[in-house]
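Okay, here's what each chain looks like letter by letter:
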There are 2 protein chains.
Amino acid sequence: MRLAELSEHSGLPTATIKYYLREGLLPPGRRVSATQSEYDENHLRRLRLVRALIQVGGLPVSTAREVLAAVDDGSRDLDSRLGAAVNALPHGKESTDPGNDVSAAAAAETARELVSRLGWDLAPASPAYRMLLRAVAGLHRLGYPCDLGSLMPYARAAADIAVSDLDLVESLETTDARIEAAVACTVLYEPVLLSLRRLAEAEESNRRFGGGSRSGQE
Amino acid sequence: MRLAELSEHSGLPTATIKYYLREGLLPPGRRVSATQSEYDENHLRRLRLVRALIQVGGLPVSTAREVLAAVDDGSRDLDSRLGAAVNALPHGKESTDPGNDVSAAAAAETARELVSRLGWDLAPASPAYRMLLRAVAGLHRLGYPCDLGSLMPYARAAADIAVSDLDLVESLETTDARIEAAVACTVLYEPVLLSLRRLAEAEESNRRFGGGSRSGQE
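Quick look at the structure, then. (Residues numbered from 1 in each chain as written. Chains lettered and ligands numbered in written order. Predicted model: local features only at pLDDT ≥ 70, side-chain atom pairs only at ≥ 80, totals over all residues. Heavy atoms only, no water.)

**What to know about the interface of chain B and chain A**
Between chain B and chain A, the contact holds 101 residues from the first and 101 residues from the second. Across the chain B/chain A interface, buried area totals approximately 9,200 Å², and carbon plus sulfur atoms make up 62% of it. Looking at the side of chain B facing chain A, the largest losses of area belong to Y144, R198 and F209 of chain B, adding up to 9% of the total buried there. Viewed at the interface, chain A and chain B are joined by eight salt bridges. With a closest N to O distance of 3.3 Å, D165 of chain B and R197 of chain A form a salt bridge. The interface formed by chain B and chain A holds 36 residue pairs in polar contact (both at pLDDT 80 or more) in total. (Contact = heavy atoms within 4.5 Å. Buried area = accessible area lost by both parts, 1.4 Å probe. Salt bridge = Lys/Arg side-chain N within 4 Å of Asp/Glu carboxyl O. Polar contact = N/O pair within 3.5 Å; in protein donor to acceptor, adjacent residues only side chain to side chain.)

Rendered as structure tokens:
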């Protein structure tokens, strides 16, 4: 399809598509004349992912470019490409509250125990693991519950979600489609999860403490 | 205790505590002389919550003040206070991708069905519900899976987490302690949940696609 059709099918203005082409977020089309290129389904699918990362996920263009480079690294297997792409995503901001060694050590110990109980075989240097350590250290420093008993329900919930998400990824046919969907859903489902947690907690609080009436809660 | 002791017990510089007092985030102590006030355990607990919201959670001071006003509204029951406090928290940024009516309507229908299946009795105007609608509309707009089958595992995981979190809240003795812990943990456990989801997905991906080896994933 031509640029105009790519624009129509994707719902994106041609100017936006040209911008993504210039920024290297979208691979060039197949040149068919001095002024025209031909695009295909792969371009459409890539545009979806770019929108997911930038327009919905709010990633800076440079971060999105890093994520896409990992997605496109055909020399590696699906798991490695997916891991590298997710590692390139933002992993929350650093706390402005300086940590201390006691809390950091306690967090490391708890996280190690958690991962060991779950039988997970993780890369300990991964950004997600460091994000977990920061979060647990923050809880520890402030004296809020962050022992294995408090963390385990979160980990089990995360494991349940991962099985369902990877089922979905596995249902797709090509490796490219699988990786792109997995990366997009990693980003796009985060607000789904956080909002559902708040709703579930409001529901549970109402059940326990609110007498079942929602008046005054709106 | 005096200000110096409050500083020592909380680990916060006196200048920071004075700043929180000036900003109305910490209630004044009981004045015992022209230059000295007496603080108690309630001040210590409140300081923990303020640090959770501002230093770890990254909330602006004005938002933290709104949250604390809801926490302190003694005219309402625990559920209402908690609901109002959580509603005052940030609920993610708006997408820069303009929505369309079709996706918004589809998201509203899916969310309604989801909540109905779960038997949740929610305030539909709540910020968390609107955040869910935005997220699902974004998925729909980009053509990523967002039907009931994809969302339900997230909702069930959220419900499991809510039960465990509210068990913890209920184990605390006073209403004030319960609300403060609930609000702090709402904020502080979000990065725990997001990081654990990424770790669980890396684990699941490795199990399915990576042949069990983690080489190249760091």
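Next comes the rest of the description.
**Description of the nonpolar core**
By size, the foremost hydrophobic cluster in this structure holds 146 residues, and its most contacted members are L53 and L196 of chain A together with L53 and L196 of chain B. Leave out the neighbours within four places in its chain, and L53 of chain B touches G58, L59, A64, V67, L68, L89, V183 and V187 of chain B. (Core = buried A, V, L, I, M, F, W, Y, C linked by side-chain atoms within 4.5 Å. Buried < 20%, exposed > 50% of the residue type's maximum accessible area, 1.4 Å probe, protein only.)

**Side note on the pattern of salt bridges**
Residues and elements named next belong to chain B. As enumerated under the stated definition, the model contains 34 salt bridges over all chains in all. Note that R65 and E23 form a salt bridge whose closest N and O atoms lie 2.6 Å from each other. Taken together, the positions of R65 in helix α4 (residues 61–71) and E23 in the loop between α2 (14–22) and β1 (30–31) put the pair 42 residues apart, joining distant regions of the chain. Residue classification places E23 among the partly exposed positions, given a relative accessible area of 25%. R81 is the salt-bridge partner of D176, the closest N and O atoms lying 3.0 Å from each other. Within this pair, whereas D176 is found in helix α9 (residues 175–209), its partner R81 is found in helix α5 (residues 78–87), the two being separated by 95 residues in sequence. (Helix = DSSP H or I, 4+ residues; strand = E, 2+ residues; numbered from the N terminus.)

**Quick notes on the packing of helix α1 (residues 3–10) of chain B against α2 of chain B**
Residues and elements named next belong to chain B. The N-to-C vectors of α1 and α2 enclose an angle of 105 degrees; their axes lie 9 Å apart at closest approach. With respect to α2, the axis of α1 lies roughly perpendicular. Facing α1, whose interface residues are L3, A4, L6, S7 and S10, α2 presents T14, I17 and K18. Broken down by class, the residue content of the contact of α1 with α2 amounts to four nonpolar, three polar and one charged. (Axes fitted to C-alpha atoms, helices over the stretch in contact; angles between N-to-C directions. Parallel < 35°, antiparallel > 145°, perpendicular 65-115°, else oblique. Nonpolar A, V, L, I, M, F, W, Y, C, P; charged D, E, K, R; others polar.)

Distances and angles like these do not, on their own, reveal function.
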